[in-house]
Amino acid sequence: MSSQKRVRVRFAPSPTGGLHLGGVRTALFNYLFARHHQGDFILRIEDTDQTRFVPGAEEYINECLNWCGITPDESPQNEGAYGPYRQSERKASYRQYAEELIEKGYAYYAFDTPEELEEERKLQPNFRYSHENRLNLRNSLSLPPEETEKLLAEGRPYTIRIKMPAEETVSFEDMIRGRVSFESGLVDDKVLLKADGMPTYHLAVVVDDKAMDISHIFRGEEWLPSAPVHVLLWEYLGWNDQMPKWAHLPLILKPDGNGKLSKRDGDRLGFPVYAMNWTDPKTGDLTKGFREMGFMSEAFVNMLGVLGWNDGTEQELFSLSELIEKFDVSRVNKSGAKFDFEKAKWFNHEWIKKSDNAELLPQLKDILQAHTVSDVPEGYLNNVFSSVKERLTFVEDFWAQASFFFVAPDNFDIEAVKPKWNEQKESFFKEVIDLFKQQPDWKATVLEVVFKEKIANSGLKMGELMMPYRIMLVGGKFGPDVFQITELLGQDEVIRRIEKALPLFR
Ligand code: GLU
């Protein structure tokens, strides 16, 4: 590949269900690489296996990429010059290549029926269609040419299989793993064209990557065993000099590091594995997604960006544009990356802290509405959010952390304070009420000084008064700085709350 070739990468999911976070990370790394090199990011839907087609899955993929902010430059919805972008619509283009491979002696017709193959599998549990046994099976290599002609003329169903060499070392340079080599004899004769005329993934992926002028392929490590087949197809079709560069991304592992993270692990351990909610159209089963669980897309993308990649420093928080700027394939790890849900939550927490309030205001209003709180001035909501945002893991935590700003507490967590309560403390708060009533400048900093001076003059201890005061305003022992709360609630409301709570402490 010449170094001037335009960078064109593709994310090529099969529309078979919800998108696993590993799939989204593959999309993201493709996108980052494309943007970093001012290239194109393409979405190609690999739907040639019609038995696995699931309605709604393609729409889900589009929505998911949009949510993450990694919208493709070319896709079925937004075709570029290399369409169609769904493999099923490219059906007509594949057969000629399968036939060309037969002509060149790199592939053959196989007439074995599914029943016959089933029979073979029963006889040998490790059955593989390969150089070892292909001459004992029913194909154009084992049958006399006239017989093959006859079967073809009769319209007998057949598949076309690649003829994997018995003894050859197939090697290529992987951008992440370096040189990788495979013994061709250990790989079976994969089907290239199916009896229904559809290509398999192996043929389609090569033909399409060539037709779409793909320069680099980023895909999951699970495709590494298929790579020798693809490399040989590039070579056999005479396109060797245009073969894309490969990068097989490390697996995302279970939290304990034992094996690939699966949807079942998520169900078992109580965290999402899909990007967004997915409802299986057949069973109606709902699988929870990160989005609906309350993850900000910035946090989700950041978390995926550093799952198997780092910029060589200790930095962990990256915006999408920083990831684009810093992404460097040579810093992608070879070994699997453990998924850590606590860490994922930490990313969300950090992104809520960094968020622009305006972006989350609509969501906050919905939360308030769900608790029948309406007519909250936007300025007030904004200030309240600023005061509690660093306490939230999810935006939904807003109500638990901030409801007292909108609704005066009815319950007061006073059990621990009550036994130590006395006349002196009660008088202190009565005097605070008077003091607050005369307070002209209702500012947290001023109020703090006033309150603390009063404590100093009373001879009481700071700790004995601060917590009761907080409980009077909040109902519990949580929340942001109590003088910030005091300022935000406003003079009248604070006085009302102290007056209401005071008798309960007796
Ligand atoms: N259709 C394959 C998948 O579902 C794509 C593999 C590749 O990128 O070559 O992951």
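Above this note sits the structure.
First, a word on what this report is: a plain description of the structure on this page. (Residues numbered from 1 in each chain as written. Predicted model: local features only at pLDDT ≥ 70, side-chain atom pairs only at ≥ 80, totals over all residues. Heavy atoms only, no water.)

Looking at the overall build of the protein
Of regular secondary structure, the protein possesses 19 helices and 13 strands. In terms of overall size, the protein is more extended than a compact globule, its C-alpha atoms giving a radius of gyration of 32 Å where 506 residues would be expected to give roughly 23 Å. Principal-axis analysis of the C-alpha atoms gives the protein an extent of 110 × 50 × 40 Å. The burial tally for the protein puts 51% of its 506 residues in the buried class. (Helix = DSSP H or I, 4+ residues; strand = E, 2+ residues; numbered from the N terminus. Rg over C-alpha atoms; globule rule 2.2 N^0.38 Å. Buried < 20%, exposed > 50% of the residue type's maximum accessible area, 1.4 Å probe, protein only.)

Focus on the site of the ligand
Taken together, the residues surrounding the ligand are R10, A12, S14, E46, Y201, V205, R219 and W223. Taking S14, its side chain carries an N or O atom lying 3.2 Å from an oxygen atom of the ligand. Between the ligand and Y201, the relevant distance is 2.6 Å, taken from an oxygen atom to a side-chain nitrogen or oxygen of the residue. Considering the ligand on its own, with 300 Å² of exposed area, one finds that the protein chains cover 83% of that surface. (Near = heavy atom within 4 Å. Polar contact = N/O pair within 3.5 Å; in protein donor to acceptor, adjacent residues only side chain to side chain. Areas by Shrake-Rupley, 256 points an atom, 1.4 Å probe, with all protein chains shown as cover.)

A short note on the packing of helix α15 (residues 423–437) against helix α16 (residues 444–458)
Closest axis-to-axis distance for the α15/α16 pair is 11 Å, and the angle between their directions is 145°. In terms of crossing hand, the pair formed by α15 and α16 is right-handed. Counted together, Q424, F428, F429, E431, V432, L435 and F436 of α15 and L447, V450, F451, K454, I455 and S458 of α16 form the full contact between these two elements. Its residues assigned to classes, the contact of α15 with α16 shows nine nonpolar, two polar and two charged. (Axes fitted to C-alpha atoms, helices over the stretch in contact; angles between N-to-C directions. Left-handed = near helix turned anticlockwise from the far one by under 90°. Contact = heavy atoms within 4.5 Å. Nonpolar A, V, L, I, M, F, W, Y, C, P; charged D, E, K, R; others polar.)

Concerning unusual backbone geometry
In the segment running from G83 into P84, the intervening peptide bond is cis, with an omega of -10°. In this fold, P84 is placed in the loop between α2 (57–68) and α3 (95–103). Here D213, not a glycine, exhibits a phi torsion of approximately 60°, which is positive. Relative to the helices and strands, D213 resides in the loop between α6 (201–211) and β8 (216–220). Take D213: its relative accessible area is 31%, and that puts it in the partly exposed class. The backbone of T372 sits at a positive phi, close to 50°, despite the residue not being glycine. The exposed category is assigned to T372, whose relative accessible area is 72%.

Describing the pairing of strand β4 (residues 159–162)
Covered by surrounding structure in β4 are T159 and R161 together with I160 and I162, the residues of both alternating faces. Sheet topology note: the strand β3 (residues 107–110)/β4 ladder contains four bridges and is antiparallel. Bridge pairing links Y109 to I160 in β4. The pairing of β4 with strand β7 (residues 191–193) spans two bridges and is antiparallel. Counted as the bridge partner of I160 is L193 from β7. (Pairing = 2+ DSSP bridges.)

Examining the side chain of R134
Relative to the helices and strands, R134 is located in the loop between α4 (114–123) and α5 (145–153). Residue R134 is classed as buried on the basis of its relative accessible area, which comes to 8%. Dropping the residues within four chain positions of it, R134 is found in contact with Y108, Y129, N139, L141, S142, K163, M164 and D189.

What about the pattern of salt bridges?
In total, this model carries 43 salt bridges according to the counting rule given. Across the pair R6 and D40 runs a salt bridge, and its minimum N-O distance is 2.8 Å. Of this pair, R6 sits in the segment before β1 (8–11) while D40 sits in strand β2 (residues 40–43), and the two are 34 residues apart along the sequence. Exposure remark for D40: the relative accessible area of 11% places this residue in the buried category. Where E448 meets K452, a salt bridge forms, and the shortest distance between an N and an O atom there is 2.5 Å. In this pair, E448 and K452 are both assigned in helix α16, four residues apart and thus about one turn of the helix distant. Overall, E448 belongs to the partly exposed group, its relative accessible area being 26%. Via salt bridges that share partners, R10, R44, E46, R90, D208 and D209 belong to a single interconnected network. (Salt bridge = Lys/Arg side-chain N within 4 Å of Asp/Glu carboxyl O.)

Here we look at α6
Burial of α6 is extensive: nine of the eleven residues sit out of reach of the surface. Among the residues of α6, those classed as buried are Y201, H202, L203, A204, V205, V206, V207, D208 and D209. Those residues of α6 that are buried lie in contact with β1, α3, β7, β8 and α7 (227–236). Positive phi appears at D213, one or two residues downstream of α6, with a value of about 60°.

In short, shape yes, function no, at least from these values alone.
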